[in-house]
2 protein chains.
Amino acid sequence: MKVTLPALDTCESSFTPLVVLELAQDVKKETKEWLKNRIVSKKEDGGAQLLFRPLLNKYEKETLENENLYLVGASKITLLLGAEAMGLVKECNDNTMRAFTYGTRHNFKDYDDDNDDFLTMAECQFIIKHELENLRARDEKMIPGYPQAKLYPGKSLLRRLLTSGIVIQVFPLHDNEALKKLEDSWYTRFTLKYQPLDCIRGYFGETIALYFGFLEYFTVALIPMAVIGLPYYLFVWEDYDKYVIFASFNLIWSTVILEVWKRGCANMTYRWGTLVMKRQFEEPRPGFHGVLGINPITSREEPLYPSYKRQLRIYLVSLPFVCLCLYFSLYVMMIYFDMEAWALSLHENSGSEWTSVLLYVPSIIYAIVIEIMNRLYRYAAEFLTSWENHRLESAYQNHLILKVLVSLATLLITSQILNQIMESLLPYWLQKKHHVRVRRKVQALKADIDATLYEQVVLEKEMGTYLGTFDDYLELFLQFGYVSLFSCVYPLAAAFAVLNNFTEVNSDALKMCRVLKRPFAEPSANIGVWQLAFETMSVISVVTNCALIGMSPQVNALFPESKLDLILIVVAVEHALLALKFILAFAIPDKPRHIQMKLARLEFESLEALKHQQMKLMAQNLKEESQESSKKEA
Amino acid sequence: MKVTLPALDTCESSFTPLVVLELAQDVKKETKEWLKNRIVSKKEDGGAQLLFRPLLNKYEKETLENENLYLVGASKITLLLGAEAMGLVKECNDNTMRAFTYGTRHNFKDYDDDNDDFLTMAECQFIIKHELENLRARDEKMIPGYPQAKLYPGKSLLRRLLTSGIVIQVFPLHDNEALKKLEDSWYTRFTLKYQPLDCIRGYFGETIALYFGFLEYFTVALIPMAVIGLPYYLFVWEDYDKYVIFASFNLIWSTVILEVWKRGCANMTYRWGTLVMKRQFEEPRPGFHGVLGINPITSREEPLYPSYKRQLRIYLVSLPFVCLCLYFSLYVMMIYFDMEAWALSLHENSGSEWTSVLLYVPSIIYAIVIEIMNRLYRYAAEFLTSWENHRLESAYQNHLILKVLVSLATLLITSQILNQIMESLLPYWLQKKHHVRVRRKVQALKADIDATLYEQVVLEKEMGTYLGTFDDYLELFLQFGYVSLFSCVYPLAAAFAVLNNFTEVNSDALKMCRVLKRPFAEPSANIGVWQLAFETMSVISVVTNCALIGMSPQVNALFPESKLDLILIVVAVEHALLALKFILAFAIPDKPRHIQMKLARLEFESLEALKHQQMKLMAQNLKEESQESSKKEA
């Protein structure tokens, strides 16, 4: 059943550019030749078997301006075999989700030999990225023409090319037609409707679709909290029972929405195939390094790195470092409070205009210091996590997010409004200006179809790069913090969060579609460590809410003589709420029943198939043995 | 590769009796004939294909005394096919654990066509039990000769026979030789050594071996707590720091030992094959009922029962009932306190001898009432859990244990010493008396080898039945409660628990080997819901310990003026400890890394096998299609 590629791989006429590769301006010819050779040569010869073309302008010529830009595409069969190698999961004709294999391609829904719609463009680009990243050094000791760029067997070529500055960037192209369609159904018309998550997933991949799905779900789920919060704000109740009810509702609601999200998420990712996809069996992320060896699980040759070493790095270096940083940031905060107290006392003693300006100085200094510290910490966290050498991209992300989240205590204080302006409007404005400049440049060429591609590549290569969903999730996380941690003090928090998120959806969508380079799709089955972060926050919120209610004057007035009783009652209520929370989280299954059944069915079928396979192997061995013995006898 | 049984199933000469089936004295001949027919007839005809013999005395005759006793055995091939059907997991020659299949039997370690050692006796007996329980009604409307014992298609025959009193009991026979060996290595010699868990597992099955493994592990793990507790008891410290250190150590230690047990347990059950065994794919437990249909996961015909109905029964009936019982037991406790206060005041007012006797009356009444209530509650819990209609034995057990555990609050008060006497020494004494009686009866026959079997069966059928590990685990659970809940008040608890458990191992072993009927083996991969129960207890213990330390006079003396500060500090420490506990539980992986790797390897291989299977199917279909079309053309 082995498919011989070269025989099928002839129809190069239909070259669709999918990914752009930008080299540095001064790359030597020999390097270019070698790179091209490695990219287009066959898998058997250690190549990626992709299509590789220089970007040509209208006159089909390379000019000085575009001689460092290359287009990468792939034949249909390369893409399908790539999908098989990466374990992409697709729906079959019998409505089950199964790992795609080239041999069984006709079993899959919507597959047609004459049609290219089976894989989404995002999937094709992800496959090409994967093929490029897994081009690994064989016997080369260095990159031809660059003796200082050392290679060793198994090292990812693309990674070395990027770190030595030979390749500037690799990015997927937008598909203007599909993008237009997506925009129309997504955010251009201001009507209240659900986002087209399946379309977003088709265009941007699962990770980004999951973010938008979570943003929408979270916003809708906050509405009841916002509605209940309103009367608490409008009519200031003196009755503490109602406060307790409000806080209890918020706590239970926040537990329930997080649990229900898990179920909805499983539903969605089952449909998308990523829930069933076994990413741990994939090849390691390109940043992963180690001694070449045989993976004991998949029996494939790949770099290996002992897990105890990673554990040592995490627990002996990263963890103490994070604790130290946390201590340091608390120390800085203390200094800030001291400074503010000092400024206040100075102002009170000599209330001149000059000292009233001085009142703002500590806050400004603190904000600047925090911002600098945050940036430094982010770099350090990235360095440490990369040094920990995680095999899977998801493990890398989770460890990075965990590290950065602990510096949150300080972030919670600095406002998020500034962030939002910085992240979306400013780059859009800059982009617009740049856009006009490029258009003016290109207009001389009088765009026809080929020139449009040229224009598009030149335009997109200057766009900003999307740095992942971290900041977007962080924003939602901070929001959740305001809503849940201080729900009874600030009952309007949920309402503001809902209002903010309605515009956030649109600004994020605009950012993704028009402002930034198209990101590579990244399959994912859930929102990863963010689920844990949100759940931890909702546990902490039980403590803060109970403490706040206990400290409120209304409640204190009810226990005029005995503070002791008050505290004991508050602690008892808090423990009861915590217990209720854990029981709720335990009682709500993480996956809906029909998904559980389908996963069990898949597991059962695989185990049965394994049994049959071994039985066949066994029978074959016996046959061969008997044949050999009969030969000997003869 | 289908094996035709009858061809291989001729060597009945080597009949090994494994299981005894006792009928009622007055069972009609026609029923006996029908039952025998169903048990021995072939699988294709809906039988169990087992061997079935009446028990004969020395003169090879049936007498009135033994005409209702039957021996059940099985040919080797029936046992091997049964092991395959149940998904027993065994070690292969390449040291991996794989589900046993008859076709690949030569791949497995220690397998030999001429040797019967491959399956342990416990496994053989479990297979026979499984075959008997899965004898299901086909077109019979009732049990022949008993019109009142109704049957419907799919109903387990054995279950109906037991409930209508036609079959009195089914039990596996002891193997005196193996038992002697087991005893010698287990408990007869009083030396300090680890228990032979693998031998126990071979003789009694995984569930019981896991109990003894847990008992041993738990005892050894308590030793540090006992050692640290001793000085606290001997030198009464006035220093509250040391109390806090002791309590903190206990809390962290109890978390760590529970997590480490999970890892050790996974190690053990991987070696035994039950960790890999997929019990959810098995046929349902015989007590499960429902409409005959196709299981969507395994595609086998079996009774189906919608899960939402089960959920409704659990949440609308069982849960309210349990809450009501809990409320009622608390109410009874309050009455007891009132009675005691009343008796005390009566005694103080008129201190006669008569009233000093009266002081004990409330306790006695309370103990009796609690005992009665407990028994009633146990019955109710069993009835409700059985009515909830769980598909898997493990689910049934877990729900039953959960229900019974909530009545624990009352049990914790009544002592466990009485229990221990009741459970082990009393039946042993009764048994000894009975033993003598039977021996006297049998001596007349002058035992030779055949008479020994006869003697053995007659003796064992009168032995008590082992009712499962529930009471044994409950005892350990209560112990853990004393040690962890009140560690700082009663620092000797751990030491006493250790001492008690050293004798407990021996008394339990004696009970299993000599006092009770041999139980059927039951494969299990972990200690089930008990793990959750122990973990919950250790969380609760954080609260009680902090409260006890906070209330101790030494600590109170440190905060002479402000109780408020004291409580706030205690609550803060408690929260920190709880957080530490959860982080610890989260950071320690539940399975050791090498087990994780092996499980991942198995999953990977199964998924690959599934892909190959589908590819083969696909190729076959294409071939057939092309053949058909060429035929048509011709």
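Residues numbered from 1 in each chain as written. Chains lettered and ligands numbered in written order. Predicted model: local features only at pLDDT ≥ 70, side-chain atom pairs only at ≥ 80, totals over all residues. Heavy atoms only, no water.

As annotated in an unreviewed UniProt entry, chain A carries the name Anoctamin and comes from Canis lupus dingo. Under the UniProt heading Sequence similarities (unreviewed entry), the entry covering chain A gives this text: "Belongs to the anoctamin family." UniProt's Subcellular location (unreviewed entry) comment on chain A is quoted here verbatim: "Membrane". (UniProt positions renumbered as here; feature names shortened; annotations may be inferred.)

## Observations concerning the overall build of chain A
Along its length, chain A carries 22 helices and 10 strands. Burial analysis of chain A (634 residues in total) assigns 49% to the buried set. As presented, chain A carries roughly 32300 Å² of accessible surface, and 63% of it is formed by carbon and sulfur atoms. (Helix = DSSP H or I, 4+ residues; strand = E, 2+ residues; numbered from the N terminus. Buried < 20%, exposed > 50% of the residue type's maximum accessible area, 1.4 Å probe, protein only. Areas by Shrake-Rupley, 256 points an atom, 1.4 Å probe, with all protein chains shown as cover.)

## Concerning the confidence of the model for chain A
Residue and element names in this part refer to chain A. In the predicted model, chain A carries a mean pLDDT of 81, and the fraction of residues at 70 or more is 87%. Ranking the elements of chain A by mean pLDDT puts helix 1 (residues 5-8) last with 41 and strand 8 (residues 167-172) first with 92. Predicted confidence for residues 444-451 stays below pLDDT 50, and this span has eight contacts to residues more than four positions away or in other chains. Interface predicted TM-score (ipTM) for the complex: 0.76; the corresponding pTM is 0.80. (pLDDT = per-residue confidence, 0-100. Contact = heavy atoms within 4.5 Å.)

## Here's the deal with the sheet that holds strand 2 (residues 51-54) of chain A
All names here are of chain A. Read across the sheet, four strands follow the order 2-3-1-8 without closing on themselves; strand pairing throughout is antiparallel. Taken across any chain shown, the strands that pair with only one partner, and hence form the sheet edges, are strand 2 and strand 8. Averaged over neighbouring strand pairs, the angle between their axes works out to 20 degrees when direction is ignored. Pairing of strand 1 (residues 19-23) with strand 8, which is carried by five bridges, proceeds in the antiparallel orientation. For V19, the partnering residue across the bridge sits in strand 8 and is P172. Across the sheet, helix 4 (residues 121-133) is in contact with strand 1, strand 3 (69-73) and strand 8; its angle to strand 1 comes to roughly 40 degrees. (Pairing = 2+ DSSP bridges. Axes fitted to C-alpha atoms, helices over the stretch in contact; angles between N-to-C directions.)

## Thoughts on the pattern of salt bridges
Side chains that carry opposite charge are capable of pairing whenever their charged atoms lie near each other. In total, this model carries 46 salt bridges over all chains according to the counting rule given. A salt bridge links A:K109 to A:E91, with the shortest nitrogen-to-oxygen separation between them at 3.4 Å. Of the two residues, A:K109 sits in the loop between strand 5 (97-99) and helix 4 while A:E91 sits in strand 4 (residues 89-91), which places them 18 residues apart along the sequence. The partner of B:K461 in a salt bridge is B:E462, with the nearest N and O atoms 3.0 Å apart. Since its relative accessible area comes to 16%, B:K461 is described here as buried. On the basis of relative accessibility, which here comes to 40%, the residue B:E462 falls in the partly exposed class. Among the charged side chains, a network of salt bridges with common partners joins A:K90, A:E123, A:R201 and A:E206. (Salt bridge = Lys/Arg side-chain N within 4 Å of Asp/Glu carboxyl O.)

## Some points on the sheet that holds strand 8 (residues 167-172) of chain B
Residue and element names in this part refer to chain B. The antiparallel open sheet is built from four strands, whose spatial order is 2-3-1-8. Two strands lie at the open edges of the sheet, namely strand 2 (51-54) and strand 8, each paired on one side alone. Put simply, the sheet's adjacent strands are angled 20 degrees from each other on average, direction ignored. Pairing geometry for strand 2 and strand 3 (residues 69-73), over four bridges, is antiparallel. Bridge pairing links R53 to L71 in strand 3. Those strands touched by helix 2 (residues 29-40) are strand 1 (19-23), strand 2 and strand 3, and its axis lies near 160 degrees from that of strand 1.

## A closer look at the relation of the copies chain A and chain B
For the pair chain A and chain B, the best superposition has an RMSD of 0.0 Å and corresponds to a rotation of 180 degrees with a translation of 0.0 Å parallel to the axis. Such a combination of rotation and displacement between the chain copies is what one expects of a two-fold axis. No C-alpha of chain A lies nearer the rotation axis than that of A:S606, which sits 2.4 Å from it. A share of 100% of interface residues in chain A that are also interface residues in chain B marks the association as one of identical surfaces. (Least-squares fit on C-alpha atoms with pLDDT ≥ 70 in both.)

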